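# Residue-level structural notes
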Amino acid sequence: MEVKIGVQFAPRELSLESTQTPAQVEATVTEALAAGGVLSLVDEKGRRVIVPIEKLAYVEIAEVSTRQVGFSAG
């Protein structure tokens, strides 16, 4: 699953591929917001992304979609 994180005053968003489910990522974000500390997520290669909650602009959670190859009639 793909997670995009917008950080205030940063020109680009952070993007990572996670093995967690959308519900697990949402719970992690919600817990971090309630605690007021940092948002910490791990990507599928084991790298950790840590963002201070006060700098968090948005979190986009999306299923990875596979592209169709070729033409489709329709």
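As annotated in an unreviewed UniProt entry, the chain is DUF3107 domain-containing protein from Rugosimonospora acidiphila.

### Let's talk about the overall build of the chain
When helices and strands are counted, the chain shows 1 helix and 5 strands. Going residue by residue from the N terminus, the α and β elements of the chain occur as β-β-α-β-β-β. For the chain, the proportion of its 74 residues judged to be buried stands at 20%. For the chain, the proportion of contacts with a sequence separation of at least 24, taken over those separated by at least 6, is 47%. Accessible area for the chain stands at about 5500 Å²; split by element, carbon and sulfur atoms hold 52% of it.

### Focus on the pattern of salt bridges
Applying the stated criterion to the full structure yields 2 salt bridges. Two residues, K4 and E13, come together in a salt bridge whose shortest N-O distance is 3.8 Å. Residue K4 is classed as partly exposed on the basis of its relative accessible area of 21%.

### Comments concerning the pairing of strand β4 (residues 48-52)
Direction of pairing for strand β3 (residues 38-42) relative to β4: antiparallel, over a ladder of 5 bridges. Bridging across to β4, V38 finds its partner in P52. A loop of 5 residues connects β3 with β4, the two strands running antiparallel in sequence, and G46 in this loop sits at a positive phi of about 90 degrees.

### Things to note about the nonpolar core
Counting residues in each nonpolar core, the largest one holds 12 residues, listed as M1, V3, I5, L16, V25, V29, A32, L39, L41, V51, I53 and L56. For this core, the elements supplying multiple residues, two or more each, are β1 (2-7), α1 (22-35) and β3. No other element matches α1, which puts 3 residues into this core. The contacts of V29, once residues within four sequence positions are left out, are L39 and V59.

Rules and cut-offs
- Residues numbered from 1 in each chain as written.
- Predicted model: local features only at pLDDT ≥ 70, side-chain atom pairs only at ≥ 80, totals over all residues.
- Heavy atoms only, no water.
- Helix = DSSP H or I, 4+ residues; strand = E, 2+ residues; numbered from the N terminus.
- Buried < 20%, exposed > 50% of the residue type's maximum accessible area, 1.4 Å probe, protein only.
- Contact = heavy atoms within 4.5 Å.
- Areas by Shrake-Rupley, 256 points an atom, 1.4 Å probe, with all protein chains shown as cover.
- Salt bridge = Lys/Arg side-chain N within 4 Å of Asp/Glu carboxyl O.
- Pairing = 2+ DSSP bridges.
- Core = buried A, V, L, I, M, F, W, Y, C linked by side-chain atoms within 4.5 Å.

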